[in-house]
Amino acid sequence: MSDELPHTDEELALRDLLRQAMAGPDRPLSAAQTAQILASLPARPVPRGRLLWALLPAAACLTLAIAAALSGAVPAQVRGLAIAVAAGNLALSPVAALALVRRRRSQDAI
Amino acid sequence: MTEEAIAALLQAGDETAWRHVCDDLGAPLYRYCYWLAGADASAAEDLRQETFLAAIAGIADYRGGVPLFAWLTGIARHKASDARRRRRRQMGLDEIDDAPAADPSPEAGALASERLADVVETLWSLPPDYRIALLARYMEEESVECVAARLGRSYKAAESVLSRARQAFFERFRKGYKHVGRTSAH
């Protein structure tokens, strides 16, 4: 055995132990297994600040649309558009809320 | 990043941190479970998955005082021992298993297998530089010069890392292996 190779008893013992232990199969987690593990992470509450920034533009848009729909000073075509936007916004809000609740529940169930 | 900082991220439920743990420790944990399950590949898959799920559920208990891999192997060991107990209960073999075995080879095989699990645990509980150096030098039989190049250090520094890594390995391994000897004696 040359100087470049392990030669003390301790080194030889270590070499044998490592060789035996590392002879076991090497199997990283598959993407599906990782996804299953990560899906069990508890849902994190959305930080208040981020929630506010997400809601603010939608609320501003809705307020503007309602104001335009109720105002007599804007042209009829713009009012019609504002009414459609406001109605659409109001109609879709419960659907979006329901989707969010369902998603949260399914995450909790896992 | 320190173990404490990683622990804090994991406890906060940081998905990226958990994904890193899955990527970095998934394969060595499988190898550990494989030996712990007596070289049963399918049992090892189940054991690893159960271990990760239990780790997420119990991450609040992890303080970062021990290497994360050692903490995970502790969970795996508990899960494996629970599974063994369940299997015995289902088969009604408690009395048979407690009796002295006529043929000691299965017991000896299980002990040897647990010893290899301990080697994996010890290796992945060492600092990464130590692990890289040991595997390169003793598994792949690379020269000290190659180990030095891998670590980005001088020849002398690589020799020193190898010496400290060997010492750390055997200290940790002997400590862990005493535990295996004690439990198997029961």
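Refer to the structure above for everything that follows.
Rules used throughout
- Residues numbered from 1 in each chain as written.
- Chains lettered and ligands numbered in written order.
- Predicted model: local features only at pLDDT ≥ 70, side-chain atom pairs only at ≥ 80, totals over all residues.
- Heavy atoms only, no water.
- Helix = DSSP H or I, 4+ residues; strand = E, 2+ residues; numbered from the N terminus.
- Buried < 20%, exposed > 50% of the residue type's maximum accessible area, 1.4 Å probe, protein only.
- Areas by Shrake-Rupley, 256 points an atom, 1.4 Å probe, with all protein chains shown as cover.
- Contact = heavy atoms within 4.5 Å.
- Buried area = accessible area lost by both parts, 1.4 Å probe.
- Salt bridge = Lys/Arg side-chain N within 4 Å of Asp/Glu carboxyl O.
- Polar contact = N/O pair within 3.5 Å; in protein donor to acceptor, adjacent residues only side chain to side chain.
- Expected span 1.5 Å × (residues − 1).
- Patch = residues over 30% accessible without salt bridge, like charges linked within 9 Å, V, L, I, M, F, W, Y side chains within 5 Å.
- Axes fitted to C-alpha atoms, helices over the stretch in contact; angles between N-to-C directions.
- Parallel < 35°, antiparallel > 145°, perpendicular 65-115°, else oblique.
- Left-handed = near helix turned anticlockwise from the far one by under 90°.
- Nonpolar A, V, L, I, M, F, W, Y, C, P; charged D, E, K, R; others polar.
- Phe/Tyr/Trp six-rings, centres within 6.5 Å; stacked < 30°, edge-to-face > 60°.

S.K.: I'm lost on the overall build of chain A in this one. Help?
M.R.: Of regular secondary structure, chain A possesses four helices and zero strands. Beginning at the N terminus, the succession of helices and strands in chain A can be written as α-α-α-α. Taken over 110 residues, chain A has a buried fraction of 19%. Approximately 7900 Å² of chain A is accessible, and the part contributed by carbon and sulfur atoms is 66%.

S.K.: Is there a simple way to explain the interface of chain A and chain B in this structure?
M.R.: By a widespread convention, an interface's size corresponds to the accessible area lost as its parts come together. At the interface, 31 residues of chain A touch 39 residues of chain B. Between chain A and chain B, roughly 3500 Å² of surface is buried when both sides are summed, and carbon and sulfur atoms account for 64% of that area. The three residues of chain A that bury the most area against chain B are Leu17(A), Met22(A) and Arg27(A), which together make up 18% of that side's buried surface. Counting every contact that joins chain A to chain B gives five salt bridges. Salt-bridge contacts for Arg166(B) lead to Glu10(A); the nearest nitrogen and oxygen are separated by 3.3 Å. At the junction of chain A and chain B, the tally comes to 14 residue pairs in polar contact (both at pLDDT 80 or more). At the level of elements, α1 (9–22) and α2 (31–39) of chain A are the ones that each hand at least two residues to the side of chain A that touches chain B. No other element matches the eleven residues that α1(A) contributes to the side of chain A that touches chain B.

S.K.: Looking at this model, I keep getting lost on helix α7 (residues 128–139) of chain B. Mind explaining?
M.R.: Each turn of an α-helix holds 3.6 residues, which means side chains three or four residues apart point in the same direction. Residue and element names in this part refer to chain B. The first and last C-alpha atoms of α7 sit 15 Å apart over twelve residues, in line with the 16 Å expected at 1.5 Å per residue. Every buried residue of α7 is listed here: Tyr-130, Arg-131, Ala-133, Leu-134, Leu-135, Ala-136, Arg-137 and Tyr-138. Positive backbone phi, at 50°, marks Glu-141, one or two positions downstream of α7.

S.K.: Looking at this structure, how should I read the pattern of salt bridges?
M.R.: Pairs can form between side chains of opposite charge once their charged atoms are near each other. Enumeration according to the criterion identifies 15 salt bridges over all chains in this entry. Its salt-bridge partner being Arg27(A), residue Glu45(B) comes within 3.2 Å of it at the nearest N-O pair. On the criterion of chain membership, the pair formed by Glu45(B) in helix α3 (residues 41–57) and Arg27(A) in the loop between α1 and α2 is interchain, its members lying in two chains. Judged by relative accessible area, which is 17%, Glu45(B) ranks as buried.

S.K.: Whenever I open this one, α3(B) confuses me. Can you help?
M.R.: Between its first and last C-alpha atoms α3(B) spans 25 Å; for 17 residues at 1.5 Å apiece the expected length is 24 Å, and the two agree. Among all positions in α3(B), only Ala44(B), Glu45(B), Leu47(B), Arg48(B), Gln49(B), Thr51(B), Phe52(B), Ala55(B) and Ile56(B) are buried. Packed against the buried residues of α3(B) are α2 of chain A together with α2 (15–36) and α4 (68–91) of chain B. By the N-cap criterion, in which a side-chain oxygen at the helix start approaches the backbone nitrogen of a residue two or three places on, α3(B) is capped by Asp40(B), the distance to Ser42(B) being 3.1 Å.

S.K.: Help me out: how do you make sense of a nonpolar patch on the surface in this one?
M.R.: Together, Leu52(A), Trp53(A) and Leu56(A) make up a nonpolar patch on the protein surface, roughly 390 Å² of accessible area in all. Of note, Leu56(A) is situated in helix α3 (residues 48–70).

S.K.: Is there a simple way to think about the packing of α7(B) against helix α8 (residues 144–151) of chain B in this case?
M.R.: Two quantities define a packed helix pair, namely the angle between the helix axes and the distance between the axes. All names here are of chain B. One way to put it is that α7 packs onto α8 with a least axis distance of 10 Å and a crossing angle of 150°. Taken together, the axis directions place α7 and α8 in an arrangement best described as roughly antiparallel. Where α7 crosses over α8, the two elements pack in a sense that is right-handed. Packed against α7, whose contacting residues are Asp-129, Ile-132, Ala-133, Ala-136 and Arg-137, the element α8 presents Val-144, Val-147, Arg-150 and Leu-151 at the interface. Grouping the constituent residues of the contact of α7 with α8 by class yields six nonpolar, no polar and three charged.

S.K.: What's the story with the packing of aromatic side chains in this structure? I'm lost.
M.R.: Residue and element names in this part refer to chain B. In total, this model carries six aromatic pairs over all chains according to the counting rule given. An angle of 40° between the planes, with centres 5.0 Å apart, marks the rings of Tyr-62 and Trp-71 as tilted. Classification of Tyr-62 as buried rests on a relative accessible area of 1%. On the accessibility criterion, Trp-71 (16% relative accessible area) is buried. Centroid distance Phe-169 to Phe-173: 5.6 Å. Interplanar angle 15°. Geometry classified as stacked. A residue pair is termed a helical-turn pair when its members lie 3 or 4 positions apart in one helix, as Phe-169 and Phe-173 do in helix α9 (residues 155–185) at four residues. One aromatic cluster is present, built from ring pairs that chain together Tyr-30, Tyr-34 and Trp-35.

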